[in-house]
Each structure stands twice: as structure tokens, then as C-alpha cells.
Amino acid sequence: MSFRIETEVVHGGQHPEKLTGALTPPIYQTSTFAFENVEQGAARFSGNEAGYMYTRLGNPNTDLLAKKVAGLEGFSGGISTASGMAAVANTILAAAKAGDSIVVEDTVYGGTHYLVEQDIPKLGIEVIRVDAVDLNALEKAVKPNTTLVLIETPANPTLKIIDIEGCAEIVHKKGALLAVDNTFSSPYLQRPRELGADIVFHSATKYISGHGDVLAGVLCGEKDFIRSASTLAAHYGWTMSPFNAWLLLRGLKTLAVRMERHCSNAMTVARWLERHPKVKTVFYPGLESFPQHDLAKKQMKDFGGIVSFEMKGGFDAGKALMDHVNLHILAVSLGDCDTLIQHPASMTHAGMGTEEMKEAHITPGLVRISVGIEHVEDLIGDLNQALEKIH
Ligand code: LCS
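Residues numbered from 1 in each chain as written. Predicted model: local features only at pLDDT ≥ 70, side-chain atom pairs only at ≥ 80, totals over all residues. Heavy atoms only, no water.

1. Structural notes on the overall build of the chain
What the chain contains, in helices and strands, is 15 helices and 12 strands. For the chain, the C-alpha radius of gyration of 21 Å lies close to 21 Å, the compact-globule estimate for 391 residues. Considering only C-alpha atoms, the chain reaches an extent of 75 × 50 × 35 Å along its principal axes. Looking at the chain residue by residue over its 391 residues, the buried ones come to 55%. (Helix = DSSP H or I, 4+ residues; strand = E, 2+ residues; numbered from the N terminus. Rg over C-alpha atoms; globule rule 2.2 N^0.38 Å. Buried < 20%, exposed > 50% of the residue type's maximum accessible area, 1.4 Å probe, protein only.)

2. Quick notes on a nonpolar patch on the surface
Among the surface-exposed residues, F35, F45, Y54 and L57 lie close enough to one another that they form a single nonpolar patch of about 390 Å² accessible area. Of note, Y54 is situated in the loop between helix 2 (38-46) and helix 3 (60-73). For Y54, a relative accessible area of 36% corresponds to the partly exposed category. (Patch = residues over 30% accessible without salt bridge, like charges linked within 9 Å, V, L, I, M, F, W, Y side chains within 5 Å. Areas by Shrake-Rupley, 256 points an atom, 1.4 Å probe, with all protein chains shown as cover. Salt bridge = Lys/Arg side-chain N within 4 Å of Asp/Glu carboxyl O.)

3. Some words on the domain arrangement of the chain
Split into domains, the chain comes out as domain 1 (5-252) and domain 2 (255-388). Computed from C-alpha coordinates alone, the two centres of domain 1 and domain 2 are separated by 27 Å. Residue-level contacts link 37 residues of domain 1 with 37 residues of domain 2. Both faces combined, the contact of domain 1 with domain 2 buries some 3,000 Å², and carbon together with sulfur accounts for 61% of it. If you sort the residues of domain 1 by the area they bury against domain 2, Y188, L189 and Y207 come out on top, with a joint share of 26%. (Domains from an automatic or database assignment. Contact = heavy atoms within 4.5 Å. Buried area = accessible area lost by both parts, 1.4 Å probe.)

4. Focus on the nonpolar core
Of all hydrophobic cores here, the largest spans 87 residues; its most connected members are L65, I151, L178, L273, F309 and L321. Here the element with the most residues in this core is helix 11 (residues 255-274); it accounts for 10 residues. Both of domain 1 (5-252) and domain 2 (255-388) provide at least three residues apiece to this core. Formed by 29 residues, the second largest nonpolar core is a distinct cluster that contains A95, L219, L232 and A233. (Core = buried A, V, L, I, M, F, W, Y, C linked by side-chain atoms within 4.5 Å.)

5. Some words on the sheet that holds strand 9 (residues 306-311)
An order of 8-9-12-11-10 is seen for the 5 strands of this open sheet, with the pairing classed as mixed. The sheet is open, and its two borders are formed by strand 8 (279-283) and strand 10 (329-330), each paired with just one other strand. Judged from the 2 bridges that link them, strand 10 and strand 11 (residues 340-342) form a sheet pairing that is parallel. Its bridge partner lying in strand 11, I329 is registered against L340. Across the sheet, helix 13 (residues 314-324) touches strand 9, strand 10, strand 11 and strand 12 (366-370), and the angle it forms with strand 9 is around 130°. (Pairing = 2+ DSSP bridges. Axes fitted to C-alpha atoms, helices over the stretch in contact; angles between N-to-C directions.)

6. Structural notes on the packing of aromatic side chains
Inspection of every chain in the model, using the stated rule, returns 5 aromatic pairs. Summarising the aromatic geometry, the rings of F35 and F45 are spaced 6.1 Å apart at their centres and angled 75° between planes, so their arrangement reads as edge-to-face. Remark: F45 occurs in helix 2 and F35 occurs in the loop between helix 1 (5-11) and helix 2; sequence separation between them is 10 residues. Note on F45: relative accessible area 54%, which makes it exposed. (Phe/Tyr/Trp six-rings, centres within 6.5 Å; stacked < 30°, edge-to-face > 60°.)

7. Details of helix 3
In this model helix 3 runs 20 Å from its N-terminal to its C-terminal C-alpha over 14 residues, within 8% of the 20 Å that 1.5 Å per residue would give. Counting buried positions along helix 3 yields 11 of 14 residues, so the element is predominantly enclosed. Within helix 3 the residues assigned to the buried category are P60, N61, T62, L64, L65, A66, K68, V69, A70, L72 and E73. Where helix 3 is buried, its residues meet helix 1, strand 1 (77-81), helix 8 (186-189), strand 6 (199-203), strand 7 (217-221) and helix 10 (242-252). At the N-terminal end of helix 3, a side-chain oxygen is found 2.8 Å from the backbone nitrogen of N61, two or three residues along, and the residue is N59. (Expected span 1.5 Å × (residues − 1). Polar contact = N/O pair within 3.5 Å; in protein donor to acceptor, adjacent residues only side chain to side chain.)

8. Looking at the pairing of strand 12
Of all the 5 residues making up strand 12, 5 are buried; the element is thus mostly covered by neighbouring parts of the structure. The alternating pattern of strand 12 places L366, R368 and S370 on one face and V367 and I369 on the opposite face, and all of these are buried. Where strand 9 lies against strand 12, 5 bridges are found, and the strand directions are antiparallel. The residue bridging E310 from the neighbouring strand is L366, located in strand 12.

9. Quick notes on the site of the ligand
Taken together, 17 residues lie near the ligand, and D181, S203, T205, K206 and R368 sit nearest. S333 is positioned with one of its backbone polar atoms (N or O) 3.0 Å from a nitrogen atom of the ligand. A total of 480 Å² of accessible area belongs to the ligand in isolation, and the protein chains cover 91% of it. In terms of residue class, the shell around the ligand is made up of 6 nonpolar, 7 polar and 4 charged. Mapped onto the domain boundaries, the shell around the ligand takes at least three residues apiece from domain 1 (5-252) and domain 2 (255-388). (Near = heavy atom within 4 Å. Nonpolar A, V, L, I, M, F, W, Y, C, P; charged D, E, K, R; others polar.)

10. Focus on helix 13
Along helix 13, the residues classified as buried are G314, A317, G318, L321 and M322. Down the axis, helix 13 shows its buried residues gathered within 145° of arc, on one side only. Of the exposed residues in helix 13, the ones pointing more than 90 degrees away from its buried face are D316 and D323. Against the buried residues of helix 13 lie strand 9, strand 10, strand 11, strand 12 and helix 15 (376-388). (Arc of directions from axis to C-beta.)

So, in C-alpha cells, the structure goes:
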């Protein structure tokens, strides 16, 4: 990055289009690219001439987005993918093959949890789970055939924080790669590469978009890893559409201002909830009462837009809250301008057994809010009237 991140999100990687001077890049909504002659086609496919051939193999919009996010994360390369889950799969499959093992942190997004529990082992890749808050446990879990350690911090939905620098030291000593899911922070709040991560990926559906209008992922790393990961992306075909890349480039321009508002609103909501008599515990890394507040302060610039809390009335109170909010939108996903609320035990995790929920640290009264960019007093007013109705 040659400028500060607030400037880079606006200008990074973008130049007026040569033909017309259009400041905003045109949308290259095309599946294929014409060659001037057969020699050019041959030169492009053999790699002797740079240029586009077919959108699954590369497109100006998706390439620009990948380059921009990689630049913000401090990496030399990136890949745009059709969803965050495609970025997770791309990372694992590029780093491990049959006979290898990967270590995956205990608390990760449900989709990632099911991918590593149900699908990855079928490919002959052993999956070892560990609570990486305990660095000694992590050290023991990494085996000679471990090629990748995957962590998510802050984690979804409990906001557990993992020490990226501490993990990197152990993982590198053992000759493996460290991948960090940076979805909750965005590069504006946390840059894992500066703390030793080898790979960083995002569900760009969230803060990178910021507007809840696309499903997308981005994966960032250094040249060799990105080269092999790109080949996989072309083979599996989890390519992002050019229009989605264009929307994400538009969303990215306001990343810094959006994140500042998300963070300040979330801090105010968390402090207000902490004082509410119907709320048992609030989980927000910015609160002094949060057990890992000091670690969050060390590795994050600010504490993000997600607040989780435990209702004193347990499952029934959590569920009832969903029925009484008006301004809060009852929906999964996160990172949108709109404030979204969900009750994992009756929604996203309802299919899990009690034991599995316990393992994922989902308690019956847990509520998650993705705090948006509205006026914070309106958000608190809505929570207040909803909480008043719960007995
Ligand atoms: N990583 C994290 C941390 C996520 O929160 C999600 C989605 C993904 C990866 C997968 O990204 P996707 O394929 O959906 O773009 N998180 C969701 C959530 O909390 N509610 O709905 C989706």
C-alpha cells in the first residue's frame, strides 16, 4: 500500500479507463474474449502473451477486485471467488492433498465447520480440531504432515479472539501455512499478514460489499500459493461474476467510513446492553469485561460491528426478542448497512443437537446482532421497546 488505507480503498488499483476516460471501471459482462488471430489465441493459452481468454480463467473486473483486496491485506496476489465458502474450500484444497492433515480452530463459521467435518475427510485429508486460544494445545495438534492451520478471529458468533502472531510462530516452526478468515474485521480493522499469516480470506458478502447485495469471496496470498490456488479455481469453476466484482469495488470505496460507524454503533449498543437487567452477558471485544479484550486491542484497530449477548431468560427470551424488534431485521448474514439480528438456537443452529451446540459454544439464549450504520439511538430505542415486552 502506498497510501493510508482510507485512501487506498478509494483509489487503490483503479485508473480511468483508457478508451473513454470513464472513472468507474466498465463492467466487462462477457463470458469470452475475442482474439485478433489464431497466433494470438495460441500465445494467450500458452501463457506467452498476457491477456484475457475466458471469464472463468480471468476477467478485468474480478482481477481488479482480487488485486485491490490483496493490496489492502498486504499480499502480492488474490483470487475472487463466487462465495466466502468457495474461498475457504479453495484455501484448503490448494494447501492440502490426500495423506496430509489440516488443523482447524474449534470455533469457525457453521459452513466452514460442516465443510471440514463432513467433506474434507472424504478426500483423504485428516482434519484435527483444536481450541487455539491454548497455544500449547495448538502446538501439540500440528503434526509432521500438517500443511495448513486455519483460524477465524473474531470467530462467528461468539467473537472468540485467536492470537494470530502466537499461532504464526508455532505454525511456521512446524513448516505449515497459517490461513486466517478475516471476514469479521475486514482489512480496515485487522491485517493478519502483518502478524505472520500466510493466507487471508474473506466472505466478501459481508463488510467488503457492505450492502448485502452479493455473495462473494476473496482469497489473498503470495505468488506461488495464489498460482496453484488459481489453477484450482479455474478447474472447479467457483469464479465470481464480473457484475458482482463491480458491485464489490463500489462497496469497498466506503469501507473505512462504514467500519468506523459499525464500530462506534456496536460499542454503544454493547455498553447499553451490558447495563440492561434482562441481559446476562454481552460478548463484544471492545468491552473491558470481554475476557480477551487486551488481545483484541493488540491485534485489531477497533472492535468490529458484531455484538453477541446472552438473554437471562434463555431460549424463550431469545426467541421472543426476535418477534418484538421492528427496526432490527430478522436475518442471517452480517456486515450490511442495515442492522441484522438473529437467534442461533432457534435459527441457524436449530438443526444441531444439544452437545454439538455446546461444542460450538452456542447457548440457548444467545442473540447475535450485526450492528449497522443507522443512528445508534434508533437502534437502542428499538431494542429497548422489544426487551420491555419480554417477561
Ligand atoms: N466465513 C465467515 C466468518 C462467515 O461468517 C461466513 C458466512 C463465511 C465464511 C461463508 O461466506 P459465504 O459463502 O456465505 O459468503 N457467514 C454467515 C453468517 O454468519 N450468516 O449467514 C452467512
